[in-house]
Amino acid sequence: MTQPQTSLPLSALEQNDAFISRHVGPSQDEQQAMLEALGLDSLDALINQTVPGSILLDSPLPMADSRSEQDVLAELHNMARQNTLNRSMIGMGYTDTIVPNVILRNVLENPGWYTAYTPYQPEVSQGRLEAILNFQQMVLDLTGLDLANASLLDEATAAAEAMTLCKRMSKAKKANVFLVDANLHPQNISVIQTRAEPLGYEVVVGDVTALIDQYEPFGVVVQYPGTYGHVTDYSTLIEKVHAKKALFCAAADIMSLVLLKSPGELGADVVFGSAQRFGVPMGYGGPHAAFFATRDAYKRSVPGRIIGVSIDTRGNKALRMAMQTREQHIRREKATSNICTAQVLLANMASFYAVYHGPEGLKTIAGRIHRLTSILAHGLQQKSINPVNDSWFDTLTIELDDAEAAYNKALSAGINLRRIGDTRLGITADECTDRLVIETLWDCILGEGHGLSLDAIDSELSRSNASGIPASLVRESAILQHPVFNSYHSETEMLRYLKQLENKDISLAHSMIALGSCTMKLNATAEMIPVTWPEFGQLHPFVPLDQAQGYQLLLESLKQQLIAITGFDDICIQPNSGAQGEYAGLLAIRNFHLANGEAERNICLIPASAHGTNPASAALADMKVVVVKCDTNGNVDIDDLRSKAEQYSEQLSCLMITYPSTHGVFEEGIREICDITHQHGGQVYMDGANLNAQVAVSKPADIGADVSHMNLHKTFCIPHGGGGPGMGPIGVKAHLAAFVANHPVVSIAGPNAENGAVSAAPWGSASILPISWVYIALMGAKGLRAATENAILNANYLAHELSKDYPVLYTGRNDRVAHECIIDLRPLKEVSGISEEDVAKRLMDFGFHAPTMSFPVPGTLMIEPTESESKAELDRFIEAMQVIREEIRQVETGLIDADNNPLRHAPHTIADLIDPEWSRPYSREQGAFPVTRLLTSKVWPTVNRIDNVYGDRNLFCACVPMDAYIEA
Ligand SMILES: *Cc1c(COP(=O)(O)O)cnc(C)c1O
């Protein structure tokens, strides 16, 4: 008997560490049972067996104890309240927006949407694939181009991608100049310059309509409308650009495109921009989806993912990621972009905004924004203040004798304007702008008693049919004609559409998603709640710092947390994904060598097992990739490393290494590997994707890393969102701190002021940082250690149980794995013909999402259970794998046909079950309900296995016309 509750002291009843056992899945009893299965008596014993003694921490992390959810959220709310919620009319690519509540609650705040993984397993991802396809269709309609991708990280990185696409595709092969219009938003210019520098492109910024006559560029980019508000007809410029065999790119404002002639119709080759103002909060910089559209002819050169239409084995339409192996980072150093994690959740929100409002609703919103801007402009004109721009959609630039006074008056009225030099102000209207705002602005600029009547000006505009949009640029083409944008305008219909899509997908709300290297752990509700607090959502990234004190406190506190965990000296919170972190970290290394006068150091050593983003990022930083072999145990071949480091001693820039390795083991030689690199003047870049196995057990900086990214969307609980958002801040040792990214609009204390940006916003996707902060604060030192221990325990238990049926490919010391394990299906395929793909699809019949397939070793599955899964869930997964093994055995022994069996027909759908012609040598029950628990909780894949080849041969990346469904 335990002690009666009534006799316990208060301290035993306070439960300040209750969250630890909410986050860590296995109960004490379950942990004990798993340890016993492994022949161990404690978690410490497991860690000592698994982690090399030379890197093991000997003391707890220097951080506070675990705390209650209420306590942590109260502290965070106190921070959040120190942000000032002004109305921001700063523009520059970020505007206030109204998130439709039905989307806010049912998508952004809904784990069914936010905990899903990238749709690599399309049969259980049809819901979000449809939402992304809608996004692509929306982008095609608005940009007037042929092909759109499924989102990029932000507008500025899309601008850099546009530049490199121009370089690849332009027929002006000798050209090395990229012309950038001075009317681009400054952060777009900066990220373009950052990207161009290592690649050796010459970026010329100025008035491109004049520059085009002086240069032979490979590409030209403009902002449409310009950063100061002009709406310019670029048709003549585009002809000149094309005459020079160069490509023309437009950074476009998505809302303006509802009313403006599309850049595609004007002749643009690439159109990109931010979809933020389609119902995604500004969030002090992000996350938001960038869109990217181009000509069909350039489809193989498009960065990022593209969703396409294919068919399943029944011949029904089914969606999948098109050209999956074309996915940029998979081409390693031959890749043209390193993007992996993108912004799926936010792209989905933007597409749903368009679905909900429809073409007419969007025209009303865009029309209102434009009319309010015109009213503001005409009022000012009546008082002899003529906007500097004689055309506009939503932005006016005005010149005033005392701009500072007007700026300050607006500020005291709670309105942020854009300062442009000493004499000009920028004003951008948005969906939240109303009559009162316009009247307040008149008061601030003209002084009270100006006598203007909004209604009178409005009537006058209607009478004269005046508009800020030049006649030649008024949109005539239709938008969003597809039924999906014209069917769900009542909230009831919209709610059901969202739910219907959500129900097609497997997310963490259903079952474990054991994706090796991706760390699909719990995204606790307490961590998610602050994301949609207005104090975090409504801030423009370029507000004066004194309005963002809450965010600044959060950023500083998060930095300190990450420093305590990793041992680095400083953190750069700008990169929007792990791959962007790699790129940012490699740039810091590059600039460090340059500052030391060692420009020749450009060799990047990368083990063969590395994730494809590593070599892709190295190529972007103009490094030459030299591959280091792995030995038969999956470890870096230290002799090969030493000989290559010696061979390139004078040119060695760095080593990129993932730790624990992507083979799922703590390599014993890690310190030696780092030492060899340093001996030859190289820097160590540690890919931090596997940090979940290190937190509170070892520290990257202590092991020997000079710089490392942290995928906050893996180890630190930001949900995957179906393929993004993410955050990839980098930790650096002191000697690299001056060389990390800065920002052209908001200067960041620490790094050299002249450093360019790698992301559009100074602190990347700031509004999801509270998730990681809350996680770390809730767990405290003890909880973080428990998380790592249990991640390693769960992986070793799984490896131990699965090894009875499947060979585990690599193990480290004492035959232990780290936080993930690779099971090898090649020997079974040899004897049965059943492939890793068949196993992956069969797992869907059990309600499981497949683990990582064929990375880092073809023909294998990489399984990472994370600490959040209970033993009960692991046992369900093990049971599924055992049943599958039995089915393979039946094929092996000839008991069942090698091509007509439950594995090859997986996944099974309702269509299979009701098909009157069932001619298979197994029962319908075995097909769809291979274990009895499924009778009471079954996730139905809504399509049968999808034909990958068909989809790529018949590439179609837009919404399917309705008649195609009627035909089918
Ligand atoms: C996930 C991952 C990356 C890329 O990170 P993103 O956030 O997707 O850009 C890089 N390396 C490894 C080992 C990874 O698992």
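Whatever comes next refers back to the structure up there.
Summarised in this report is the structure supplied together with it. (Residues numbered from 1 in each chain as written. Predicted model: local features only at pLDDT ≥ 70, side-chain atom pairs only at ≥ 80, totals over all residues. Heavy atoms only, no water.)

Quick notes on the pairing of strand β18 (residues 652-658)
- Counting buried positions along β18 yields seven of seven residues, so the element is predominantly enclosed.
- With three bridges connecting them, strand β16 (residues 603-607) and β18 associate as parallel partners. Residue pairing in the sheet places Cys604 in a bridge with Cys654 of β18.
- Note: β18 against strand β19 (residues 683-687), five bridges, orientation parallel. Across the sheet, Cys654 pairs through a bridge with Gln683, a residue of β19.
- Regarding the hand of the β-α-β motif, the stretch spanning β18, helix α25 (residues 670-679) and β19 is right-handed. (Buried < 20%, exposed > 50% of the residue type's maximum accessible area, 1.4 Å probe, protein only. Helix = DSSP H or I, 4+ residues; strand = E, 2+ residues; numbered from the N terminus. Pairing = 2+ DSSP bridges. Right-handed = clockwise from strand over helix to strand, strands pointing away.)

Here we look at the nonpolar core
- Formed by 175 residues in total, the largest nonpolar core has its most connected members in Met138, Phe248, Phe278, Phe352, Phe716 and Leu784.
- Ranked by the residues each element gives to this core, the list is headed by helix α14 (residues 344-382), at 19 residues.
- Both domain 1 (89-508 + 934-968) and domain 2 (537-547 + 557-766) contribute no fewer than three residues apiece to this core.
- In contact with Phe248, not counting residues within four places along its chain, are Val220, Val222, Tyr234, Leu237, Ile238, Val241, His242, Ala268, Asp269 and Val270. (Core = buried A, V, L, I, M, F, W, Y, C linked by side-chain atoms within 4.5 Å. Domains from an automatic or database assignment. Contact = heavy atoms within 4.5 Å.)

Notes on the environment of Phe291
- Inspection of the secondary structure puts Phe291 in strand β8 (residues 290-294).
- When the C-alpha atoms of Phe291 and Gln136 are compared, they prove to be 8.2 Å apart, with 155 residues separating the residues in sequence.
- Those residues in contact with Phe291, other than ones at most four positions away along the chain, are Phe135, Val139, Thr143, Ala158, Ala252, Ile254, Val271, Phe272, Gly273, Ser274 and Ala275.

Digging into the site of the ligand
- In the neighbourhood of the ligand, 14 residues make up the surrounding shell, with Thr341, Ser517, Asp687, His713 and Lys714 lying closest.
- Here an oxygen atom of the ligand sits 2.7 Å away from a polar atom, N or O, in the main chain of Gly578.
- The side chain of His713 places a nitrogen or oxygen atom 2.7 Å from an oxygen atom of the ligand.
- When the ligand sits alone it has 380 Å² of accessible area, and the protein chains cover 98% of it.
- Counting residues per element, the shell around the ligand draws most heavily on helix α22 (residues 578-595), which supplies three residues.
- Class assignment of the residues belonging to the shell around the ligand gives a composition of three nonpolar, eight polar and three charged. (Near = heavy atom within 4 Å. Polar contact = N/O pair within 3.5 Å; in protein donor to acceptor, adjacent residues only side chain to side chain. Areas by Shrake-Rupley, 256 points an atom, 1.4 Å probe, with all protein chains shown as cover. Nonpolar A, V, L, I, M, F, W, Y, C, P; charged D, E, K, R; others polar.)

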